[in-house]
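Letter by letter, the chains look like this.
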Amino acid sequence: MQPNQAEIEAIRAQIAALQQECASLSAESPESTPQAQTTNDDLAQLLESLAALTAQLRQKRAEFTALQVRSQYQSIEQHVEEGRTQAKVHADRINELAGELAEEIRALKAIADRISPSYWQVYYKPFITGFQTISVPHVRSDGDVWTIVNRVV
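Residues numbered from 1 in each chain as written. Predicted model: local features only at pLDDT ≥ 70, side-chain atom pairs only at ≥ 80, totals over all residues. Heavy atoms only, no water.

Draft legend 1. Fine view of the nonpolar core. With eleven residues, the main nonpolar core is built from I8, I11, I15, L18, C22, L43, L46, L50, L53, L57 and F64. Mapped onto this core, the elements with two or more residues apiece are helix 1 (3–28) and helix 2 (36–123). Ranked by residues supplied to this core, first place goes to helix 2 with six residues. Those residues in contact with L53, other than ones at most four positions away along the chain, are I11, Q14, I15 and L18. (Core = buried A, V, L, I, M, F, W, Y, C linked by side-chain atoms within 4.5 Å. Buried < 20%, exposed > 50% of the residue type's maximum accessible area, 1.4 Å probe, protein only. Helix = DSSP H or I, 4+ residues; strand = E, 2+ residues; numbered from the N terminus. Contact = heavy atoms within 4.5 Å.)

Laid out in structure tokens, this is it:
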């Protein structure tokens, strides 16, 4: 049990004890006896204590609720930060692989450019087509929003 919950339960127990005491004083006191004034004073004091404890209970409940909300938010925030860290690792790896892939594509294009005239003479068709539309993914971030774009090689 959390400290705030324990405090709330202690206050509830005090309130229950005071309510029982009030009930017993109310049942005991005949209105015409000389002790009636003393009993009424005791009863008024108990009711004041009861009101103070009820207010304290409301305050503790509000604090406990706020603490739970804050704790839940921090848990979600921590989960998001862990996810961002993992995503950063993958994004860096994607960008690294995209760089390597772009180098390989450029090397292939250089070979194609070099042998294409001869290839046409031998096979009567192009060696490789589609170099105008070759692109590789690239992940970038402005700090809050991540974007995956295609970079033409």
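Draft legend 2. A look at the pairing of strand 1 (residues 135–141). In this sheet, strand 2 (residues 146–152) lies alongside strand 1 in antiparallel orientation, the contact comprising seven bridges. Opposite P137, over in strand 2, you have N150 as the bridge partner. (Pairing = 2+ DSSP bridges.)

Draft legend 3. Quick peek at unusual backbone geometry. Within the chain, Y124 stands out as a residue other than glycine whose phi angle is a positive 60 degrees. Among the secondary structure elements, Y124 is positioned in the loop between helix 2 and strand 1. According to the relative accessible area criterion, Y124 is exposed, its value standing at 68%.

Draft legend 4. Just the pattern of salt bridges, in detail. Counted under the stated rule, the structure contains seven salt bridges. The shortest N-O distance in the salt bridge between K60 and E63 comes to 3.8 Å. Note that K60 and E63 are positioned in helix 2 at a spacing of three residues, about one turn of the helix. Given a relative accessible area of 32%, E63 falls into the partly exposed group. Each of the salt bridges in this network shares a partner with another, and the network as a whole consists of E7, K60 and E63. (Salt bridge = Lys/Arg side-chain N within 4 Å of Asp/Glu carboxyl O.)

Draft legend 5. Representation of the packing of aromatic side chains in the model. In this structure the tally under the stated criterion is two aromatic pairs. Note on Y119 and Y123: the rings are 4.6 Å apart at their centroids and 40 degrees apart in plane angle, and the pair reads as tilted. Here Y119 and its partner Y123 are both found in helix 2, four residues apart, which amounts to about one turn of the helix. For Y119, a relative accessible area of 22% puts it in the partly exposed group. Three or more aromatic residues joined by ring pairs form one cluster here, namely Y119, Y123 and F127. (Phe/Tyr/Trp six-rings, centres within 6.5 Å; stacked < 30°, edge-to-face > 60°.)

Draft legend 6. Structural detail: the confidence of the model for the protein. Taken over all residues, the pLDDT of the protein has a mean of 83, while the share at 70 or more is 88%. Mean pLDDT values over the elements of the protein span from 77, in helix 1, up to 89, in strand 1. (pLDDT = per-residue confidence, 0-100.)

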